[in-house]
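# Analysis of the macromolecular model
Spelled out from the first residue to the last, the chains are:
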Amino acid sequence: ITGVENYKEHFEKAEKYLHEKYPDAEIVNPCKIKRSAEILPYKEYLKTDLEELFKCDTIYFLNSFLYSKGSRIEGALAEALDIKMIFEASNEWIQ
């Protein structure tokens with residue numbers, strides 16, 4: 001979650017919103033993904049996040065996603081895998 005200040009707060013707020021809007025959905029907050037260690041190289045964080053994305057049918061992008069290198073990679077992967085995308089700014093589905 002590079003290049004974004006207070007990112008944990010943003011993800012917490014989005015997680016709460018998504019739980020309220022989609023109560024039956026399993027919401028994955030990247031800040032809460034179990035890691036093999038507390039501090040890892042960037043590559044390992046990204047690898048774990050992308051492995052989780054493969055399990056998802058939808059991804060929600062925060063407004064700041066363009067400022068995050070990893071988020072842009074997740075977007076490219078989601079598009080390649082036909083994973084539905086929702087953007088916080090519009091709350092609209094993009095398929």
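Everything that follows concerns the structure shown earlier in this document.
Residues numbered from 1 in each chain as written. Predicted model: local features only at pLDDT ≥ 70, side-chain atom pairs only at ≥ 80, totals over all residues. Heavy atoms only, no water.

What follows concerns the environment of lysine 47. In this structure, lysine 47 sits in helix α2 (residues 42-53). When its relative accessible area of 47% is taken as the criterion, lysine 47 is described as partly exposed. (Helix = DSSP H or I, 4+ residues; strand = E, 2+ residues; numbered from the N terminus. Buried < 20%, exposed > 50% of the residue type's maximum accessible area, 1.4 Å probe, protein only.)

Time to look at the environment of leucine 62. Its location among the elements puts leucine 62 in the loop between β1 (58-61) and α3 (69-80). Here the alpha-carbon distance between leucine 62 and alanine 89, two residues 27 residues apart in the chain, equals 7.6 Å. Among all residues touching leucine 62, those that are not within four sequence positions of it are His10, Phe11, Ala14 and Glu88. (Contact = heavy atoms within 4.5 Å.)

In this section: the nonpolar core. Here is a general trend for soluble globular proteins: nonpolar side chains tend to be buried in one another's company. Counting ten residues, the largest nonpolar core is built from Leu46, Leu50, Leu53, Ile59, Phe61, Leu77, Ala78, Ile83, Met85 and Phe87. Of all elements in the fold, only α2, β1, α3 and β2 (84-87) reach the threshold of two or more residues within this core. Per element, the largest residue contribution to this core is three residues, and it comes from α2. Among the nonpolar cores identified, the runner-up in size contains six residues, and Phe11, Tyr60, Leu62 and Ile86 belong to it. (Core = buried A, V, L, I, M, F, W, Y, C linked by side-chain atoms within 4.5 Å.)

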